[in-house]
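Single-letter residue listing:
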Amino acid sequence: MLQVDSITKRFGGVVANSEVSFTVEEGQIVGLIGPNGAGKSTMFNMISSVFPPTTGTITFQGTRIEKLPAYQVAPLGISRTFQNLQVFKNMTVIENVMVGQHMQTKTNLFGMASLLLGITRKERKVYDQAMSYLAFFGLQDIFDQKASSLSLGKLRLLEFARAFATEPKLLLLDEIAAGLNHKETQEMSALINKVRDTGVTVLVVEHDMDLVMSICDKLVVLDQGVKIAEGTPKEIQENEAVITAYLGADIDEEEVEEEAI
Amino acid sequence: MKLQGVQQTKWMGVLVFALAILVFPFIVTQSFYLTQATFAGIYAIIAIGLGLLMGYAGQISLGQAAFYGIGAYTTSVLTATMGWSPWVSLPIALLFPGLLAFIMGYTMSRLSGYYLAMATLALGIIVHTLLVEWRGVTKGASGFFGIPQLNLFGYTINQGIPYYYLVWFFVIIVLILSLNIVHSRVGRALRSIHDSEIASSSMGVNTSKYKMQIFILSAMFAGLAGWLFAHMSYSISPAAFTFDASILFLAMVVLGGSGSVWGALIGTLLIRMVGIVVHMLGEKFPFITSDFEHVIYGLILMLVVIFLPRGLFPTVADWFDALLTKRSSKKSMLKLAAKR
């Protein structure tokens with residue numbers, strides 16, 4: 001479904017990603033993991049067309065997307081959440097989701113201005129649909145609250161709901177569980193599974209290992225901008241290179257300990 | 001149809017406002033005030049458009065007077081020189097400013113930063129110079145004479161009560177159109193751009209397209225105002241379409257609050273009232289000249305920007321909301337207490 005092919009991204013002299021390739025198959029939950037500074041978020045931003053890669057190609061269902069602007073990638077069926085929360089603060093919960101449904105109705109400014117009967121009917125439909133998305137994510141009780149008044153957990157859910165409301169084929173979740181407590185994280189895993197069961201392919205960037213290991217079908221591990229492993233959670237847990245990347249080489253640790261003594 | 005939790009047009013407000021417009025000439029009968037109110041309506045149309053541009057597209061135009069002037073001169077030339085009916089020239093008076101806005105917006109395809117403010121500033125100066133210098137068409141600085149009055153079903157719409165109603169009829173239409181835009185899918189998209197442009201474009205919102213559409217619409221509103229102005233007056237001159245006028249429109253929007261359609265309307269009325277007060281004071285105290293107006297407008301702009309950055313209307317509306325919710329929560333608490 002998604003092919004990332006030898007992507008390199010340089011910011012000035014810094015190489016954030018180097019020759020990274022992987023694929024995401026339809027219907028899977030794929031995790032993109034790695035230590036801090038591994039280049040996960042950079043990769044994510046390129047897949048969602050926030051900025052283009054320096055070299056390499058990204059293909060989504062046969063369409064090259066690496067050079068498209070973000071608003072043209074969304075209609076192809078890619079949607080995302082943001083790690084640093086880009087909720088529309090001055091809008092209510094349901095209005096946020098209704099922006100997510102932006103692409104589902106096609107009315108222009110001048111038609112809208114006259115607020116013809118057909119348009120009010122469309123608004124009603126969008127509203128009801130938004131309400132059902134909110135119910136799916138358990139946000140239906142706070143639908144009329146200003147987004148700026150929500151807790152972090154609810155904000156993450158709202159971002160998720162808004163991205164889901166675009167009716168994507170591929171959903172990119174950028175550290176959706178960051179800052180959540182244990183219970184909220186578990187609920188989030190259940191939700192991600194639930195979303196996948198509706199037929200949406202999911203790509204997650206995540207720090208929370210429990211979450212990643214429990215829900216992902218496949219993991220791609222980045223370290224210092226390079227892909228060091230790819231496989232099922234079980235394979236990754238046993239992978240030497242991954243363990244080294246996360247914990248440092250054994251020998252180093254012993255040396256450190258000795259020095260400490 | 002009420003959709004709770006979604007910003008919608010409050011038809012009650014529009015209705016109350018329309019009624020106030022309707023009865024105003026019965027309460028205030030002096031022709032001076034009626035003329036002032038008619039002018040206020042013409043300016044309100046421009047201010048509402050500019051308010052949409054500033055509050056919803058996040059862009060500033062320092063040249064709305066140019067679009068206003070193009071609308072006025074287009075219809076003047078078409079009707080007085082070429083003998084068209086004013087009703088036929090109306091679409092052209094809307095089209096020309098809109099087209100110009102389209103060309104400007106297109107060349108600055110992304111409409112980001114302060115480029116539009118700079119470009120419209122230049123446009124205002126160019127258009128004013130053209131109006132003064134292109135004597136063959138505009139008749140130059142002395143002004144354009146002989147603009148025909150409007151006729152509707154054989155009835156001439158004179159200056160005074162008939163024209164007052166005509167202008168405010170158009171204001172109400174513009175108001176309703178704008179409220180509907182703001183409270184629709186496009187309005188939501190525009191508001192979302194304000195909060196996070198990156199998120200809204202990842203929802204498939206073509207941000208620059210909507211900014212452009214709003215810019216064109218604001219130019220067309222100004223063109224409509226120009227058309228109304230031209231056919232109210234027997235003559236027009238370039239002096240009405242200067243940079244000062246553009247700043248005046250800006251002051252109206254900033255005072256009322258750019259994030260709100262009502263704000264622009266209220267701001268216009270307030271600024272016009274200040275003008276009237278200065279005029280009346282000027283009759284009593286000879287040292288207060290009409291230049292004094294500009295000093296006061298400047299002062300108002302400064303005070304608003306410092307103390308009410310969101311403008312008068314949204315701030316006051318929030319006070320009222322807070323007051324009402326306090327009351328109702330007090331009431332419900334009392335009820336709870338009584339139950340116990």
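Structure first, text after, so check above.
Here the residue numbering is sequential within each chain, running from 1 through the sequence in written order. Chains and ligands are labelled by the order in which they are written, letters from A for the one and numbers from 1 for the other. Residues qualify for local features only when their pLDDT is at least 70, as the model is predicted, and side-chain atom pairs are given and counted only at 80 or more; totals for whole chains, interfaces and linings, by contrast, use all residues. Remark: hydrogens and water are excluded; side-chain values derive from all non-hydrogen atoms of the structure.

Chemist: Whenever I open this one, the pattern of salt bridges confuses me. Can you help?
Modeler: Two side chains carrying opposite charge are able to pair once their charged atoms lie near each other. Residue and element names in this part refer to chain A. We define a salt bridge as a contact between a side-chain nitrogen of Lys or Arg and a carboxyl oxygen of Asp or Glu at a distance within 4 Å. For the coordinates displayed, the defined rule picks out 15 salt bridges over all chains. Its salt-bridge partner being E187, residue K183 comes within 3.3 Å of it at the nearest N-O pair. You can see K183 and its partner E187 sitting in helix 7 (residues 182-197), four residues apart, about one turn around the helix. The exposure class assigned to K183 is exposed, which follows from its relative accessible area of 57%. Think of it in three bands: with a 1.4 Å probe and only protein chains considered, a residue is buried below 20% of the maximum accessible area for its type, exposed above 50%, and partly exposed in between. The partly exposed category is assigned to E187, whose relative accessible area is 42%. Put simply, K218 and E230 hold a salt bridge, and the shortest N to O gap is 2.8 Å. Remark: E230 occurs in strand 10 (residues 226-231) and K218 occurs in strand 9 (residues 218-223); sequence separation between them is 12 residues. For K218, a relative accessible area of 12% puts it in the buried group. Take E230: its relative accessible area is 33%, and that puts it in the partly exposed class. Counting from the N terminus, the helices are the DSSP runs of H or I reaching at least four residues and the strands are the DSSP runs of E reaching at least two.

Chemist: Looking at this structure, how should I read the interface of chain B and chain A?
Modeler: In many analyses, interface size is given as the accessible surface area lost on bringing the parts together. Contacts are assigned to residue pairs that have any heavy atoms within 4.5 Å of one another. With 35 residues of chain B in contact, the opposing surface of chain A contributes 37 residues. Accessible area that two parts lose when put together, evaluated with a 1.4 Å probe and summed over both, is termed the buried area. Here chain B meets chain A over a buried area of about 3400 Å², counting both sides, of which 64% is carbon and sulfur. In this structure, A:E123 engages B:R188 in a salt bridge whose closest nitrogen and oxygen atoms are separated by 2.9 Å. Within 3.5 Å is the distance limit for a polar contact, defined as a pair of N or O atoms, with the added protein rule that one can donate a hydrogen and the other accept it, and that residues adjacent in sequence qualify only through two side-chain atoms. Where chain B packs against chain A, one counts 12 residue pairs in polar contact (both at pLDDT 80 or more). Of all the secondary structure elements, the ones that give two or more residues to the side of chain B that touches chain A are helix 7 (161-182), helix 8 (185-195), helix 9 (197-202) and helix 10 (207-232) of chain B. The element that contributes the greatest number of residues to the side of chain B that touches chain A is helix 8 of chain B, accounting for seven residues. For the side of chain B that touches chain A, a count of residues per class yields 16 nonpolar, 14 polar and five charged. Throughout this entry, Asp, Glu, Lys and Arg are counted as charged residues, while Ala, Val, Leu, Ile, Met, Phe, Trp, Tyr, Cys and Pro are counted as nonpolar. The remaining residues, Gly among them, count as polar.

Chemist: Looking at this structure, how should I read the layout of surface pockets?
Modeler: Two kinds of site are reported from a 1 Å grid over the protein atoms alone, namely cavities, where a 1.4 Å probe fits but cannot get out, and pockets, open sets with protein on both sides within 12 Å along at least five of seven lines, and residues are called lining when an atom falls within 4 Å of a point. Grid points are joined across faces, edges and corners, and a volume is the space filled by probe spheres set on the points. A volume near 1900 Å³ is recorded for the largest pocket. Contributing to the lining of the largest pocket are 45 residues, with B:Q7, B:K10, B:Y56, B:H183 and B:G259 lying nearest its centre. For the lining of the largest pocket, the elements supplying multiple residues, two or more each, are helix 5 (117-136) of chain A together with helix 1 (11-27), helix 2 (31-56), helix 7, helix 8, helix 12 (261-284) and helix 14 (312-339) of chain B. With seven residues, the top contributor of residues to the lining of the largest pocket is helix 14 of chain B. Taken together, the residues of the lining of the largest pocket sort by class into 18 nonpolar, 16 polar and 11 charged. Put simply, the second largest pocket is a space of about 510 Å³. What lines the second largest pocket is a set of 22 residues, among which B:Y43, B:L248, B:R272, B:E293 and B:H294 lie closest to the centre. Within the residue set of the lining of the second largest pocket, elements represented by two or more residues are helix 2, helix 11 (243-256), helix 12 and helix 13 (291-307) of chain B.

It is worth stressing that arrangement in space is one thing and function is another; only the former is reported here.
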